[in-house]
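# Coordinate analysis (summary)
The lines below spell out each chain.
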Amino acid sequence: MTELLAIIIFLAVLFFLLGTGVWVGIALMGVAWVGMELFTSRPVGDTMITTIWASSSSWTITALPLFIWMGEILYRTRLSEDMFRGLSPWLARLPGGLVHTNIVGCTVFAAVSGSSAATLTTVGKMSIPELRARKYPEHIVIGTLAGAATLGLMIPPSLALIVYGVAVNQSITELFFAGVFPGLVLALMFMGYVAVYSFMSKGWQPTMETAMSFAEKVRNSRFLIPVMLLIFVVIGSMYTGTATATEAAAIGVIGSLALAASQRSLTWDSFRESLMGATRTSAMIMLILAGAAFLKLSMGFTGLPRALADGIAAMELSRFELLMMLLVFYIILGMFLDGISSVVLTMAVVEPMVLEAGIDLIWFGIFVIVVVEMAQITPPIGFNLFVLQGMTGHEMSYIAKAALPMFAIMVVMCFVLIWFPELALWLPESMRSVPQ
């Protein structure tokens, strides 16, 4: 009975605070404060200060602002233009044509930026005008861009994976590598959908590209070499154990500054804007993490997470049934909260359930990120939908409908992960065997 009362109070305070427009981080602290006051005798102020400091002073979390800054720097370079020029000659002859530049371009930029919004904006600002000019179907252009931009949440360096790793105390580096193959498979599934649609659609009549010789394709691809080299150095340094995630992030910042300088797009204004953009985003996420750490402690004192985990265990759900329940839960939650908020808000309760069921936390992180990706393209709060609305001028309903096939593909991806868990676990396990 006490647990039920705690759940009602926690949810009532949370929805009240979020409904009044309070920042998510402050709302989480407010819920935790109420829980501590009602259900414990500990001094709330001292506990909150200690918890927030401990959660914010972790060396691991230093990777977060550095990876954000790396993405902000590259966002202000000519990267989107260079990517289109480098990728289009190779992709034009594939079934589906240049629409694949949306997917491959997002995959490439996701590997140098952990942000879905930055990936969407960077690739979209170049690909949308080019694909419109070539008369590709508008809903396919918008739908693939909305879906593929979510790869920024999975392919390392992913901000969402950093947040998840901090929330459940798992290795950031292992989570990064767990996301590599699922991210690539999801990108291939998007490309497969485009190829099939191009064969089946009667309205698919884009302007054909001029044929290029192999030498011309290679010459255009020189624009991609610096970016691919940066990806190789950042991810390779983590895989070989040469650098931790934080050290790799610092290498990425230096590399992105060098890349921007070589393109002559590094000015004092762009440097200052990238630094301020990274500061704003980092401060927002850090506040959410601090609030989540306090809420996790507060809920731990009430015994609520353990009681819920025991209740789920008493239901004797199979591993598959539990995952299906969580899949539906996160899809519904994603309609009202952004991905990072959904992760930090729920981990205090969900982590004990997952551990009770014997589910690997590294694997579960990738599963959750796939579901959280759906939140980016589900109304009414899907952030990618708002970004695309600003870029294209279409109604929200049109963009959401265009992104619906991508949503369905992500649901299929969840089942692929359940059927083939090695997809997420093989690379982290092989990394552990590399001599350090």
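Residues numbered from 1 in each chain as written. Predicted model: local features only at pLDDT ≥ 70, side-chain atom pairs only at ≥ 80, totals over all residues. Heavy atoms only, no water.

### A word on the nonpolar core
For the record, the criterion: Residue types Ala, Val, Leu, Ile, Met, Phe, Trp, Tyr and Cys, when buried and joined through side-chain atoms within 4.5 Å, form a set referred to as a nonpolar core. Classification of residues uses two cut-offs on accessible area relative to the type maximum, computed with a 1.4 Å probe and protein chains only: under 20% is buried, over 50% is exposed, and between them is partly exposed. Starting at the N terminus, helices and strands are each numbered in turn, a helix being any DSSP run of H or I of at least four residues and a strand any DSSP run of E of at least two. Contacts were defined at the residue level, with two residues in contact if any of their heavy atoms lie within 4.5 Å.
Of all hydrophobic cores here, the largest spans 153 residues; its most connected members are Phe 67, Val 112, Met 347, Trp 363, Phe 364 and Phe 367. Top contributing element to this core by residue count: helix α21 (residues 396–419), with 14 residues. With sequence-adjacent residues up to four places away left out, Trp 363 is seen in contact with Arg 319, Leu 323, Leu 417, Ile 418, Pro 421, Ala 424 and Leu 425.

### Regarding the side chain of Asn 102
Operational definition: Here a polar contact is taken to be a pair of N or O atoms separated by no more than 3.5 Å, where protein atoms must pair a possible hydrogen donor with a possible acceptor and residues adjacent in sequence count only if both atoms sit in side chains.
Along the polypeptide, Asn 102 turns up in helix α6 (residues 100–110). Note on Asn 102: relative accessible area 0%, which makes it buried. Of note is the side chain of Asn 102, whose polar atom sits 2.6 Å from the side chain of Ser 127. If sequence neighbours within four positions are ignored, Asn 102 has contacts with Val 123, Ser 127, Leu 131, Val 141, Thr 144, Leu 145 and Ala 148.

### Digging into the environment of His 394
The topology assignment puts His 394 in the loop between α20 (383–392) and α21. A residue is classified by how much of its surface remains accessible, and His 394, at 22% relative accessible area, is partly exposed. Residues His 394 and Ile 142, spaced 252 residues apart in sequence, show a C-alpha to C-alpha distance of 9.8 Å. For His 394, the residues in contact, after removing those within four places along its chain, are Arg 132, Glu 138, Ile 142, Gln 389 and Ile 399. Only 2.8 Å separates the side chain of His 394 from the side chain of Glu 138, close enough to count as a polar contact.

### Quick look at a positive patch on the surface
Our working rule: Exposure above 30% relative accessible area and the absence of a salt bridge qualify a residue for a patch, where like charges join within 9 Å and nonpolar side chains (Val, Leu, Ile, Met, Phe, Trp, Tyr) within 5 Å. Here, Shrake-Rupley sampling with a 1.4 Å probe gives the accessible areas, and only protein chains in the shown set may cover a residue. Here, a salt bridge means any Lys or Arg side-chain nitrogen found within 4 Å of an Asp or Glu carboxyl oxygen. For the charge count, each Lys or Arg is scored as positive and each Asp or Glu as negative, with His and the chain ends excluded. Here the site of a charge means atom NZ of a Lys, CZ of an Arg, CG of an Asp or CD of a Glu.
Taken together, the side chains of Arg 78, Arg 85, Arg 219 and Arg 222 present a region of like positive charge at the surface. For Arg 85, the location among the structural elements is in helix α5 (residues 79–91). Given a relative accessible area of 36%, Arg 85 falls into the partly exposed group.

### Some words on unusual backbone geometry
Residue Pro 157 follows Pro 156 across a cis peptide bond; omega there is 5 degrees. Relative to the elements of secondary structure, Pro 157 occurs in the loop between α8 (138–149) and α9 (159–168). At Lys 135, a position not held by glycine, the phi torsion is positive, near 65 degrees. Mapped onto the fold, Lys 135 is located in the loop between α7 (116–133) and α8. Taking relative accessible area as the criterion, Lys 135 reaches 59% and is therefore assigned exposed. Phi at Asn 169 is positive, roughly 60 degrees, even though this residue is not glycine. Structurally, Asn 169 can be placed in the loop between α9 and α10 (172–178). Take Asn 169: its relative accessible area is 68%, and that puts it in the exposed class.

### Re the pattern of salt bridges
For the coordinates displayed, the defined rule picks out three salt bridges. The partner of Glu 130 in a salt bridge is Arg 134, and the shortest N-O contact between them spans 2.6 Å. The buried category is assigned to Arg 134, whose relative accessible area is 18%. Across the salt bridge formed by Glu 138 and Arg 132, the nearest N and O atoms sit 2.7 Å from each other.

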